[in-house]
Amino acid sequence: MRLYTGFLVHPLPQGGLEYLLDGALVVSDFGQIVFMGARADALCDYADIPEEHCENAVILPGMVDTHVHLPQYEAAAIGTGELLNWLNTYIFPLEARFADEEYAHIQSQRFFYDAVRLGTTTMSVYCSSHRRATDIAFEAAFHAGLRVCMGKTMMDNNAPENILYSPDENINDSLALAKAWHGAGNGRLQYTLTPRFAGSCSRELLKKTGETAHAEGLRIQTHLSENPSELRFIAELFPEHASYTDVYHAYGLLTDKTIMAHSIYLSSQEKSLLKAHNCAIAHCPCSNRFLQSGVMALRQMLNEGLRIGLGSDVAGGSSLSMFNEAKEAAESSKTWNILHRAQEMPTVGAEEALWLATLGGARALGLDEVIGNFTVGKDADFIVCDLNEILPQKSSFVSPENIISRLVYGAHPHVVSKTVVQGKVVYQKQNSR
Ligand SMILES: [Zn+2]
């Protein structure tokens, strides 16, 4: 067993954060939380366990990235233009490179190493469309030690020939990968059926994806309602359907294990469909700005009871840092208000943004029984953040709320000093002060 002590931040199921200034976390040899509470109590009840005291630090649940593209990492922060042109110009040629196994291996290792270094412990990942490259990505995730819900991106339409596969090839490859990896690594690795979006999938592929998800009980991840040109494109491709969401509904892709990225321009009928099927949304505010896609009405959608997590959407988003994404979630809720003065809503603050990046993400992925906060019985997925990186010495603003605000708004790239998944240290900063 291990005993960690210091300033603990525990996201609450009903919303909000609980602060334990002199707190303790006891982790079993199996990587589960067996105690969370006051340090004094832990020192008494677990007197025989050596204490690891995190001085001038904050212990948070690991960050959950609900939407990210591994093969796009090399394009992060590069390129201009809006979604459809950007995909054709920068992204499809890059994803085609994953036919090269050595390249896929190097990129996958770097991607997961950078994620844990930035404090992300769980990711919902789109791989390239290649079966072997997806296999390599799972191997890399296994060795990096983090938690993933991941799949090969399925496409059979409207992209370069060299990254397209037939519906049967896509489904058979996905099933083979799921058989090899779903539940591996003590449950850390899970397979997600990953049709890119309705624009790159035929009706046959969408139908087979829906059938497979139901038969196998697998998660689905895809994109929905991101950009005005994309909406026109989908309406032209599927004129028989009332809406973009209705396309997915018709082919059985709306399930309680489905996570839709973006979802900016939804009608009330579409939101009702998502709610009726208990689908989740990956809100990707950095990407929404980088690709000029739009500003999602986050507060309104939270008020409507939609299940929402945050996604970096690298490389639409330019960083794997979920602190950065939390900041942008807060800022874009203000931008929405600026654009809709007459319907102003309460903005999302730093604490709520952090909640969305942790327990909110866990809920969106259906993993909140396992991760997302420090409830006893959950897996010990957490990070230690070094406050020396974000607060000046003798700062007069050291309330818990201000520390969270500094973490979200001013996260230094080296703020994470330790990342732990299922009780195992998967990243430790060298020369930690
Ligand atoms: Zn995306």
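Residues numbered from 1 in each chain as written. Predicted model: local features only at pLDDT ≥ 70, side-chain atom pairs only at ≥ 80, totals over all residues.

**A few points about the overall build of the chain**
Turning to step 1, where the next piece is worked out: Counting its secondary structure elements, the chain contains 14 helices and 15 strands.
Turning to step 2, where the next piece is worked out: The C-alpha atoms of the chain give a radius of gyration of 21 Å, which matches the 22 Å a tight globule of 433 residues would have.
Turning to step 3, where the next piece is worked out: Dimensions along the principal axes, computed over C-alpha positions, put the chain at roughly 65 × 55 × 40 Å.
Turning to step 4, where the next piece is worked out: The buried share of the chain, taken over its 433 residues, is 55%.
Turning to step 5, where the next piece is worked out: For the chain, contacts bridging at least 24 residues in sequence account for 73% of all contacts bridging at least 6. (Helix = DSSP H or I, 4+ residues; strand = E, 2+ residues; numbered from the N terminus. Rg over C-alpha atoms; globule rule 2.2 N^0.38 Å. Buried ≥ 20, exposed ≤ 12 C-beta atoms within 10 Å, placed from the backbone. Contact = placed C-beta atoms within 7 Å.)

**A look at the packing of helix H5 (residues 167–181) against helix H6 (residues 203–216)**
What describes two packed helices is the angle between their axes and the distance between those same axes.
Turning to step 1, where the next piece is worked out: Here H5 crosses H6 at 25 degrees, and the two axes come no closer than 9 Å. Here H5 is positioned roughly parallel relative to H6, judged by the angle of their axes. Where H5 crosses over H6, the handedness of that crossing is right-handed. Along the contact surface, H5 presents Pro167, Asn170, Ile171, Leu175 and Ala178, while H6 presents Glu204, Leu205, Lys208, Thr212 and Glu216.
Turning to step 2, where the next piece is worked out: Each residue belonging to the contact of H5 with H6 can be placed in one class, and the counts come to five nonpolar, two polar and three charged. (Axes fitted to C-alpha atoms, helices over the stretch in contact; angles between N-to-C directions. Parallel < 35°, antiparallel > 145°, perpendicular 65-115°, else oblique. Left-handed = near helix turned anticlockwise from the far one by under 90°. Nonpolar A, V, L, I, M, F, W, Y, C, P; charged D, E, K, R; others polar.)

**Quick word on the sheet that holds strand S8 (residues 189–195)**
Turning to step 1, where the next piece is worked out: Judged by pairing direction, the sheet is parallel, and its eight strands sit side by side in the order S5-S6-S7-S8-S9-S10-S11-S12 without closing on themselves. Whereas interior strands pair on both sides, the edge strands pair on one side only; in this sheet they are strand S5 (63–69) and strand S12 (307–310). Here the average twist between neighbouring strands, direction ignored, is 25 degrees.
Turning to step 2, where the next piece is worked out: Taken together, the six bridges between strand S6 (residues 120–127) and strand S7 (residues 147–154) define a ladder with parallel strand orientation. When the sheet's bridge partners are listed, Cys127 is paired in S7 with Lys152.
Turning to step 3, where the next piece is worked out: Strand contacts of H5: S7 and S8, with the helix running at about 160 degrees to S7, the strand carrying the most contacts. (Pairing = 2+ DSSP bridges.)

**Regarding the sheet that holds strand S15 (residues 424–428)**
Turning to step 1, where the next piece is worked out: On the basis of which strands lie adjacent, the open sheet formed by seven strands has the order S3-S2-S1-S4-S13-S14-S15 and mixed pairing. Either end of the sheet is taken by a strand with one partner, and the two such strands are strand S3 (33–38) and S15. Direction aside, the axes of adjacent strands within the sheet are offset by 35 degrees on average.
Turning to step 2, where the next piece is worked out: In this structure, strand S1 (residues 2–11) lies alongside strand S2 (residues 17–27), joined through nine bridges in antiparallel fashion. Along S2, the bridge assignment pairs Thr5 with Ala24.

**Some points on H5**
Turning to step 1, where the next piece is worked out: Under the 1.5 Å per step criterion, the end-to-end length of H5 is 21 Å for 15 residues, consistent within 8% with the ideal 21 Å.
Turning to step 2, where the next piece is worked out: Among the residues making up H5, those that are buried are Asn170, Asp173, Ser174, Leu177 and Trp181. The arc that holds the buried residues of H5, viewed along the axis, is 100 degrees, so those residues lie on one side. Seen from the open side of H5, the exposed residues pointing more than 90 degrees away from its buried face are Asp168 and Lys179.
Turning to step 3, where the next piece is worked out: Buried positions along H5 lie against helix H4 (131–144), S7, S8 and H6.
Turning to step 4, where the next piece is worked out: Immediately beyond the C-terminal end of H5, within one or two residues, lies Gly183, with a positive phi of roughly 90 degrees. (Expected span 1.5 Å × (residues − 1). Arc of directions from axis to C-beta.)

**Considerations on helix H12 (residues 322–339)**
Turning to step 1, where the next piece is worked out: The terminal C-alpha atoms of H12, which comprises 18 residues, lie 25 Å apart, in line with the 26 Å expected from a rise of 1.5 Å per residue.
Turning to step 2, where the next piece is worked out: Along H12, the residues that are buried comprise Met322, Phe323, Asn324, Glu325, Ala326, Lys327, Glu328, Ala329, Ala330, Ser332, Ser333 and Trp336.

**Details of the packing of H4 against H5**
Turning to step 1, where the next piece is worked out: Here H4 crosses H5 at 20 degrees, and the two axes come no closer than 10 Å. Accordingly, the angle class assigned to the pair H4 and H5 is roughly parallel. In the packing of H4 onto H5, the handedness of the crossing is right-handed. Counting all contacts with H4, which are made through Arg131, Thr134, Asp135 and Phe138, the residues of H5 involved are Asp173, Ala176, Leu177 and Trp181.

**What about the domain arrangement of the chain?**
Turning to step 1, where the next piece is worked out: Each assigned domain of the chain is listed with its residue range as follows: domain 1 (2–61 + 374–428) and domain 2 (63–364).
Turning to step 2, where the next piece is worked out: Across the boundary between the two partners, domain 1 contributes 21 residues, which contact 25 residues of domain 2.
Turning to step 3, where the next piece is worked out: Elements that contribute at least two residues to the side of domain 1 that touches domain 2 include exactly strand S4 (51–61), helix H14 (400–409), strand S14 (416–421) and S15.
Turning to step 4, where the next piece is worked out: Considering each element in turn, the side of domain 1 that touches domain 2 owes the most residues, six residues, to H14. (Domains from an automatic or database assignment.)

**Focus: unusual backbone geometry**
Turning to step 1, where the next piece is worked out: That bond from Val314 to Ala315 is cis: its omega, 10 degrees, falls within 30 degrees of zero.
Turning to step 2, where the next piece is worked out: Relative to the helices and strands, Ala315 resides in the loop between S12 and H12.
Turning to step 3, where the next piece is worked out: Notably, His262 is not glycine yet its phi reads approximately 75 degrees, a positive angle.
Turning to step 4, where the next piece is worked out: As for its position among the elements, His262 is in strand S10 (residues 258–262).

**Some words on the environment of Gly145**
Turning to step 1, where the next piece is worked out: Along the chain, the position of Gly145 falls in the loop between H4 and S7.
Turning to step 2, where the next piece is worked out: Overall, the presence of 19 C-beta atoms within 10 Å leaves Gly145 in the partly exposed class.
Turning to step 3, where the next piece is worked out: Separated by 144 residues in the primary sequence, Gly145 and Arg289 place their C-alpha atoms 31 Å from one another.
Turning to step 4, where the next piece is worked out: Apart from the residues lying within four places of it in its own chain, the contact partners of Gly145 are Val421, Lys424 and Val426.

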